[in-house]
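# Structural overview for review
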Amino acid sequence: RAEYGSTLMLLRRLAADRSWTLVELPADADGRADLDGLRERLSAGLSLVTVPHIASHHGVVQPAAAIGALCRAAGVPLVLDACQSFGHVDVTGAGATAYVGTSRKWLAGPRGVGFLIVPGLTPAMDAPFPALHGHADGVPLPGAVRYEGAEAAMAARLGLGEAVREHLALGPAAVHAHLADLGRTTRRTLDGAGGWRVREPLDEPSALITLRPPPGDSAADARARATRAGLLISVVPAARAPLALTEPVLRVSPPPGTLPETLTALARVLSER
Ligand SMILES: *Cc1c(COP(=O)(O)O)cnc(C)c1O
């Protein structure tokens, strides 16, 4: 249900082209995967599972390791969308078949570049858009080179490499702990301000916070007030998660090092209407 809007568009098109049936996996009231429900669906027969580790419209961290274990036990490949979780929360231990990530979010790398990690590449796993240099006589070369276009924005790729190096130098565990702490502080500071309510459990270990407006206020108005106060927050349109959202939500993603004063200033912005 939390599937990212553009991934959902792609899945729907693939489903129409290839006569796939898309199945929504069961989740609880927080949108967290229901593991017993998933186990049942897996035993009823699924060919592929795709899960956004953290969605764009909601800060709940999906239990990736438990989902991965269930998928492996059932022999069903898992694609973990870690676009919002690399550089944010621990992604190790999921044992996914493939991970997709982006440079431009929590890794704070350049825009326009992302990455795919396939720990156990098999010859059958060709790229969806095969490129000449990843192939010899139309046959995929061994290794991940088959997925790469040689004509690409190399500066952005180098920038992503540098961002990953910086992340490793800071220590991923320290970054994750800091962001979890920042998320908790942010939720506790903002929840109830001017009647706005945090949509995730307050102690969710992520720094992606979303809020629902009180009657008479809206995400767009709050963002405009924040902009005037020099604070950049975003409105997530319903199209970002079409299965989960019926209206836009306000999202706050405090970067590492955000000061408590900044959060207090944002709480003030939310309450002044
Ligand atoms: C942002 C995002 C993507 C896509 O990332 P791009 O950098 O636009 O390719 C995919 N999935 C989720 C959950 C995201 O938040």
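Here's a quick rundown of the structure. Just so you know, these numbers come straight off a predicted model, no measurement behind them. (Residues numbered from 1 in each chain as written. Predicted model: local features only at pLDDT ≥ 70, side-chain atom pairs only at ≥ 80, totals over all residues. Heavy atoms only, no water.)

Take the sheet that holds strand S2 (residues 78-81) next. Sheet strands line up and pair through hydrogen bonds in the backbone, either parallel or antiparallel. If you trace the four strands from one edge of the open sheet to the other, you get S1-S2-S3-S4, paired in mixed fashion. Since the sheet does not close on itself, it has two edges, and those belong to strand S1 (49-52) and strand S4 (114-117), each with one partner. Here the average twist between neighbouring strands, direction ignored, is 15°. Pairing between strand S3 (residues 98-102) and S4: four bridges, direction antiparallel. (Pairing = 2+ DSSP bridges. Helix = DSSP H or I, 4+ residues; strand = E, 2+ residues; numbered from the N terminus. Axes fitted to C-alpha atoms, helices over the stretch in contact; angles between N-to-C directions.)

For side chains bearing opposite charge, pairing can occur when the charged atoms are close. Tallied over the entire structure, the rule returns eleven salt bridges. Note that Glu-24 is salt-bridged to Arg-1, the shortest N-O span being 2.9 Å. One end of the pair, Glu-24, is in the loop between helix H1 (5-18) and helix H2 (35-44); the other, Arg-1, is in the segment before H1, with 23 residues separating them in the sequence. By relative accessible area, which is 37% here, Glu-24 ends up partly exposed. With a relative accessible area of 40%, Arg-1 lands in the partly exposed category. (Salt bridge = Lys/Arg side-chain N within 4 Å of Asp/Glu carboxyl O. Buried < 20%, exposed > 50% of the residue type's maximum accessible area, 1.4 Å probe, protein only.)

To continue, consider the environment of Glu-261. Relative to the helices and strands, Glu-261 is located in helix H7 (residues 260-271). C-alpha separation for the pair Glu-261 and Leu-78, spaced 183 residues apart in sequence, amounts to 41 Å.

Around the ligand, the surrounding shell consists of Tyr-4, Ile-54, Ser-56, Asp-81, Cys-83, Gln-84, Thr-102, Arg-104 and Lys-105. Thr-102 places a side-chain nitrogen or oxygen 2.6 Å from an oxygen atom of the ligand. Arg-104 is positioned such that a nitrogen or oxygen atom in its side chain is 2.7 Å from an oxygen atom of the ligand. When its residues are assigned to classes, the shell around the ligand shows three nonpolar, three polar and three charged. (Near = heavy atom within 4 Å. Polar contact = N/O pair within 3.5 Å; in protein donor to acceptor, adjacent residues only side chain to side chain. Nonpolar A, V, L, I, M, F, W, Y, C, P; charged D, E, K, R; others polar.)

Counted according to the given criterion, the structure contains one cavity of 30 Å³ or more. Empty space within the largest cavity amounts to approximately 70 Å³. Around the largest cavity, the lining is made up of 13 residues, and of these Tyr-4, Ile-54, Ala-55, Ser-56 and Asp-81 lie nearest the centre. For the lining of the largest cavity, the residue count by class is six nonpolar, three polar and four charged. (1 Å grid on protein atoms, 1.4 Å probe; cavity = no way out; pocket = protein on both sides within 12 Å on 5 of 7 lines; lining within 4 Å. Points joined across faces, edges and corners; volume = space filled by probe spheres on them.)

Right, let's get into the packing of H2 against helix H3 (residues 64-74). Running from N to C, H2 and H3 cross one another at 20°; their axes reach a closest spacing of 10 Å. Our classification of the angle between H2 and H3 gives roughly parallel. Between H2 and H3 the crossing geometry is right-handed. Counted together, Leu-35, Leu-38, Arg-39 and Leu-42 of H2 and Ala-66, Ile-67, Leu-70, Cys-71 and Ala-74 of H3 form the full contact between these two elements. Along the lines of polarity and charge, the residues of the contact of H2 with H3 split into eight nonpolar, no polar and one charged. (Parallel < 35°, antiparallel > 145°, perpendicular 65-115°, else oblique. Left-handed = near helix turned anticlockwise from the far one by under 90°. Contact = heavy atoms within 4.5 Å.)

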